[in-house]
Amino acid sequence: MTTPAQTESTEAKAPTSVVLTDVAAQKVKALIEQENRNDLRLRVAVQPGGCSGLRYQLFFDERSLDGDVVTDFDGVEVVVDRMSAPYLSGATIDFADRIDAQGFTIDNPNAGSSCACGDSFS
């Protein structure tokens, strides 16, 4: 039997999802509309590799995997698999379209260090 206090403490330990800025959400929504599909979601994952040990992957996906953490941002679903969730807890995904920066960026408070290219972290 689970008491409400036990349930609350269990929920408090659940991983916090990523945050998608409004600018990034608008860009993702536009890219999905270009694909002319309404079943796609933005999947964010962490994979071994890169010069710092781990690297980010962002891609559109229609799959649902067991343990996925799904968060909705103004109609855009962001999906993080259960293995990547601890590495991405509290990370912010933004989109920049400036002369000095272009594309999606991830500000991850869990990254101890990152490489010069910004594609991998440890």
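Description of the structure in this document. The numbering scheme is per chain: residues are counted from 1 as the chain's sequence reads. Only residues with pLDDT of at least 70 are given local features in this predicted model, and only at 80 or more are side-chain atom pairs given and counted; all residues enter the totals for whole chains, interfaces and linings. For the side-chain quantities, the full set of heavy atoms in the structure was used; hydrogens and water were omitted.

## Digging into helix α2 (residues 22-35)
For an α-helix, 3.6 residues make a turn, and residues three or four places apart therefore share a direction.
Alright, step 1. Numbering of helices and strands runs from the N terminus, with a helix taken as a DSSP run of H or I at least four residues long and a strand as a DSSP run of E at least two residues long. The length a helix should cover is 1.5 Å for every residue beyond the first. Its 14 residues give α2 an end-to-end C-alpha distance of 20 Å, which sits within 8% of 20 Å, the value for a rise of 1.5 Å per residue.
Alright, step 2. All buried positions along α2 are accounted for by Ala24, Ala25, Val28 and Ile32. Angular distribution of buried residues about the axis of α2 spans 100°; they occupy a single face of the element. Seen from the buried face of α2, the exposed residues on the opposite side, beyond 90 degrees, are Asp22, Gln26, Glu33 and Gln34.
Alright, step 3. Looking one or two places after α2, you find asparagine 36, whose phi comes out positive at around 60°. Any residue under 20% of the maximum accessible area for its type is buried, any over 50% is exposed, and the rest in between are partly exposed; the area is computed with a 1.4 Å probe on protein chains only. Arc, as used here, means the arc of the directions from the helix axis to the C-beta atoms.

## Here's the deal with the pattern of salt bridges
Alright, step 1. Think of a salt bridge as a Lys or Arg side-chain nitrogen and an Asp or Glu carboxyl oxygen that are within 4 Å of each other. Scanning the entire structure with this criterion turns up nine salt bridges.
Alright, step 2. Here glutamate 62 ties to arginine 37 by a salt bridge, and the two come within 3.6 Å at their closest N and O atoms. Of this pair, glutamate 62 sits in the loop between β3 (54-61) and β4 (69-73) while arginine 37 sits in the loop between α2 and β2 (41-48), placing them 25 residues apart in sequence.
Alright, step 3. Overall, glutamate 62 belongs to the partly exposed group, its relative accessible area being 44%.
Alright, step 4. For arginine 37, a relative accessible area of 36% gives the class partly exposed.
Alright, step 5. In this structure, the salt-bridge partner of arginine 43 is aspartate 61, at a minimum N-O distance of 2.6 Å. One end of the pair, arginine 43, is in strand β2; the other, aspartate 61, is in strand β3, with 18 residues separating them in the sequence. Neither residue differs from the other here; arginine 43 and aspartate 61 are each classed as buried.

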